[in-house]
Amino acid sequence: AMRAALVEYSSSEEEEEEKGRHRGGGEQGPSRAGALRHRLPLPADLPGDPEPEEAVTDDRSRHGGRIRSFPHERGNWATHVYLPCRVREEFLELLELLVYRARSHVPSLSAMEEFHLSLSQCVVLRYHWIQPFVRGLRERLAAFHRFFCVADQVKVYTNQNKTRTFIGLEVTAGHFQLLELVSEVDRVLEEFDLPTFYKDPSFHISLAWCVGDLSDRLEGQCLQELQDIVDGFEDSALLLRVQWEQIHCKSGNKYFSFPLR
C-alpha cells in the first residue's frame, strides 16, 4: 500500500528543517542568490490579506522546544518548495528499525511522520506575493518530466543554528535532475529577492530529528550501525528508489501542486 506524505509542518518546523546542513564533507554551502535581482511591481488586484497566521505565538511548548529561525510577523508567510515523498509500508518498517537503533545513542529522537525532499530553503513571503510567486513556479516547472532518485546513504544533519539534529537518507542517484529543478526554483526566488537554495546541496529525505546539536552521538559508530541496517534490509535497493511525480509549494496554510509530465 502507498501512503501519501504531504508536508504539514508548522512554520517553526519548516524553518528549521529547510536549513538542515550536513556536518563535514558535502556540507551545504551559502545561498546562490545572484547579485542582480529584479523586483516585481506590486499587484493591485489581489484580495485583502486574511492573515490566517496572525494569532501565532512562539510558544516552544507547542512544538517540542524548537526555535524559530525568524520571528513570526503579521503578513509574513513561511514558504517552502519541495518534492513530497510517497512511501511504502515496508519503508515504515525500515524507519522503525533505524529509529529504535539510533535511540540507543540518542533517546530523544523522534521519527518523522511525513517525508519530503527540499528544493528551497524556508523563506519569508509577503501575502500579496503568493499568487505571482506560485504563477512563476508553475511556468518554470511546466516542462519537467517525472524521474527517479535513489536515497540510500544515511547521513547526519544539523540546521544552521545547531538547534536541531536530523538523520536522513542522502540521494546517491538522480542528483543532476534535482539540480535542474533547483535552478528553476532559484530563478523564481531571485525575482522576489529571496534567498536561493544552498550551493552544492546534500539532497536528502529526513527520517528522524531531535532538539539540540547531538550529531557527535549519532556519527561514527551509530551512523555505521544505521547504514548496515539499510544495506541489509530486504529489497532495500527497490524500496529506496523513489519516483517523483509532483512538486509542492506550501506558503502559510496554503498548498500548491505542480504535476510533473
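Since the structure is predicted, the reported quantities are computational estimates derived from the model, not experimental observations.

## Considerations on the overall build of the protein
Part 1 of the reasoning: Helices and strands together make up the secondary structure of the protein, namely 7 helices and 13 strands.
Part 2 of the reasoning: Looking at the 261 residues of the protein, the share that counts as buried comes to 50%.
Part 3 of the reasoning: Restricting to contacts in the protein with at least 6 residues of sequence separation, those with at least 24 account for 84%.
Part 4 of the reasoning: When the accessible surface of the protein is totalled, it reaches about 12,500 Å², and 48% of it is carbon and sulfur.

## Structural notes on the packing of aromatic side chains
Part 1 of the reasoning: As enumerated under the stated definition, the model contains 6 aromatic pairs in all.
Part 2 of the reasoning: Relative to Y127, the ring of W77 lies with its centre 5.4 Å away and its plane at 40 degrees, an arrangement referred to as tilted. Here W77, found in strand β3 (residues 76–84), pairs with Y127, found in the loop between β7 (123–126) and α3 (130–141); they are 50 residues apart in sequence, far enough to count as distant.
Part 3 of the reasoning: Residue classification places Y127 among the buried positions, given a relative accessible area of 12%.
Part 4 of the reasoning: On the basis of an interplanar angle of 70 degrees and a centroid distance of 5.6 Å, the ring pair of F133 and F192 is categorised as edge-to-face.

## Some details on the pairing of β3
Part 1 of the reasoning: Within β3, 9 of the 9 residues are buried, which leaves the element mostly enclosed by the surrounding structure.
Part 2 of the reasoning: Relative to strand β6 (residues 116–118), β3 is paired through 3 bridges, and the arrangement is antiparallel. Residue P84 lies in a different strand from β6, and its bridge partner there is H116.

## A word on the environment of F91
Part 1 of the reasoning: Locating F91 in the fold gives a position in helix α2 (residues 89–102).
Part 2 of the reasoning: In this view, F91 contacts F115, L169, L207, L239 and L240; residues no more than four positions away in its chain are not counted.

## With respect to the side chain of E170
Part 1 of the reasoning: One can find E170 in strand β9 (residues 164–173).
Part 2 of the reasoning: Classification of E170 by relative accessible area gives buried; the value is 16%.
Part 3 of the reasoning: A distance of 2.8 Å separates a polar atom in the side chain of E170 from a polar atom in the side chain of S202.
Part 4 of the reasoning: In contact with E170, not counting residues within four places along its chain, are V150, A151, D152, Q153, K155, Y157, S202, F203 and H204.

## Some details on α2
Spacing of three or four residues puts side chains on the same side of an α-helix, whose turn is 3.6 residues.
Part 1 of the reasoning: Between its terminal C-alpha atoms α2 stretches 20 Å, which fits the 20 Å expected from 14 residues at 1.5 Å a residue.
Part 2 of the reasoning: Turning to α2, its buried residues are F91, L92, L94, L95, L98, V99 and A102. Projected down its long axis, α2 carries its buried residues within an arc of 155 degrees, all on one side. Opposite its buried face, α2 presents the exposed residues E96 and Y100, each directed more than 90 degrees away.

## Some remarks on helix α6 (residues 221–232)
Part 1 of the reasoning: Counted at 1.5 Å a residue, the expected span for α6 with its 12 residues is 16 Å, and the 17 Å between its end C-alpha atoms agrees.
Part 2 of the reasoning: In this fold, the buried residues of α6 make contact with α2, β8 (147–158), β9, α5 (215–218) and α7 (236–239).

## Regarding the confidence of the model for the protein
Part 1 of the reasoning: The predicted model of the protein averages 81 in pLDDT, with 72% of residues at 70 or higher.
Part 2 of the reasoning: In the predicted structure, residues 1–63 sits below a pLDDT of 50 and forms 175 contacts with residues beyond four places in sequence or in another chain.

## Describing the environment of C149
Part 1 of the reasoning: Checked against the element boundaries, C149 lands in strand β8.
Part 2 of the reasoning: When its relative accessible area of 2% is taken as the criterion, C149 is described as buried.
Part 3 of the reasoning: Through-space distance from the C-alpha of C149 to that of Q177 is 8.8 Å; in sequence the pair is 28 residues apart.
Part 4 of the reasoning: Not counting the four nearest positions on each side in its chain, C149 is found in contact with V171, A173, G174, L178, L240, R241, V242 and W244.

## What to know about the packing of α3 against helix α4 (residues 175–191)
Part 1 of the reasoning: At a closest axis distance of 9 Å, the pairing of α3 and α4 adopts a crossing angle of 150 degrees. It follows that α3 is roughly antiparallel to α4 by the angle criterion. α4 is crossed by α3, and the crossing has right-handed handedness. In this structure, α3 uses F133, G136, L137, R140 and L141 to contact α4, whose residues at the interface are L181, E184, V185, R187, V188, L189 and E191.
Part 2 of the reasoning: Considering only residue class, the contact of α3 with α4 consists of 7 nonpolar, 1 polar and 4 charged.

Rules used throughout
Residues numbered from 1 in each chain as written. Predicted model: local features only at pLDDT ≥ 70, side-chain atom pairs only at ≥ 80, totals over all residues. Heavy atoms only, no water. Helix = DSSP H or I, 4+ residues; strand = E, 2+ residues; numbered from the N terminus. Buried < 20%, exposed > 50% of the residue type's maximum accessible area, 1.4 Å probe, protein only. Contact = heavy atoms within 4.5 Å. Areas by Shrake-Rupley, 256 points an atom, 1.4 Å probe, with all protein chains shown as cover. Phe/Tyr/Trp six-rings, centres within 6.5 Å; stacked < 30°, edge-to-face > 60°. Pairing = 2+ DSSP bridges. Polar contact = N/O pair within 3.5 Å; in protein donor to acceptor, adjacent residues only side chain to side chain. Expected span 1.5 Å × (residues − 1). Arc of directions from axis to C-beta. pLDDT = per-residue confidence, 0-100. Axes fitted to C-alpha atoms, helices over the stretch in contact; angles between N-to-C directions. Parallel < 35°, antiparallel > 145°, perpendicular 65-115°, else oblique. Left-handed = near helix turned anticlockwise from the far one by under 90°. Nonpolar A, V, L, I, M, F, W, Y, C, P; charged D, E, K, R; others polar.

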